Structures are given as C-alpha cells and as structure tokens.
Amino acid sequence: QVQLVESGGGLVQPGGSLRLSCAASGSISSIYTMRWYRQAPGKQRELVAYITNGGSTNYADSVKGRFAISRDNAKNTVYLQMNSLKPEDTAIYYCGAGVRQRLGGPLNDYWGQGTQVTVSS
C-alpha cells in the first residue's frame, strides 16, 4: 500500500557527483524519518544518512562532508546528493521511511528496491 522507489543511480567517475531520489507513494498520512542505506558486494548493509521530520540530519563518518540528505515533504521525496565520490561508495543504495498511513494509526517502516551506484575509472 506504500511504495518507495529510488532513482538516479548509475556509473560515475571518481570525484564525480550523483543525486539520488526516493519517492514515496500510496496511502500516506505522515512520513517521519527518511533514511538512505547502502550495501556493497560482500559487505553488510550500512546506514548512510537520515533526516527526521523536523529536518535534523545525521551521516555516517565515511560520507560526512561529501553527501547531503534533504527532503521535499510536498513531494514525499528524499534526496541524497553525493559529491566527491570514491570507488568505495560503490553499492546498491536503498531508501527507507517511517510512515503513518492514517491519522492515529501505527508507525510502520517501508523500504525501496534500491538503485545501483558504481564509482569507477
């Protein structure tokens, strides 16, 4: 009933930039914290960044100063601006969000299918 769809991934050279988007759709009353995760081949899933409904942000040390998370509440969309990309940033990037589908309803967590980011020369 709630879907999250990531877009914007692709192949980029080291030092380049990429902007990921994740749009939520379906039955939505409120979206709270929105998050970006990534998983590289052979590695565990890593929390990259999150942004609360109040606009507070936090980043993994590995991306701090290079990535920026933002959101457009009118579009139910979260973004991840990635600058100064490194080969170690190569991964599938997933978005997640805490969502209330109705007023007074429970807060549930939803996930997207992921978008591939490859940083290679």
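Residues numbered from 1 in each chain as written. Predicted model: local features only at pLDDT ≥ 70, side-chain atom pairs only at ≥ 80, totals over all residues. Heavy atoms only, no water.

The subject of this paragraph is the overall build of the protein. Along the protein, the regular secondary structure elements total 0 helices and 11 strands. Starting at the N terminus and ending at the C terminus, the protein contains elements arranged as β-β-β-β-β-β-β-β-β-β-β. Relative to its length of 121 residues, the protein is compact, with a C-alpha radius of gyration of 14 Å against a globular reference of 14 Å. Counting only C-alpha atoms and orienting by the principal axes, one finds that the protein spans roughly 50 × 25 × 25 Å. Within the protein, counting contacts between residues at least 6 apart in sequence, those at least 24 apart form 56% of the total. As presented, the protein carries roughly 6300 Å² of accessible surface, and 46% of it is formed by carbon and sulfur atoms. (Helix = DSSP H or I, 4+ residues; strand = E, 2+ residues; numbered from the N terminus. Rg over C-alpha atoms; globule rule 2.2 N^0.38 Å. Contact = heavy atoms within 4.5 Å. Areas by Shrake-Rupley, 256 points an atom, 1.4 Å probe, with all protein chains shown as cover.)

Another point: the nonpolar core. With 31 residues, the main nonpolar core has Trp36, Leu80, Met82 and Tyr93 as its most contacted residues. For this core, the secondary-structure elements that each account for two or more residues are strand 1 (2–7), strand 3 (18–26), strand 4 (30–39), strand 5 (46–51), strand 7 (67–72), strand 8 (77–82), strand 9 (91–100) and strand 11 (115–119). Residue contributions to this core peak at 5 residues, all from strand 9. (Core = buried A, V, L, I, M, F, W, Y, C linked by side-chain atoms within 4.5 Å. Buried < 20%, exposed > 50% of the residue type's maximum accessible area, 1.4 Å probe, protein only.)

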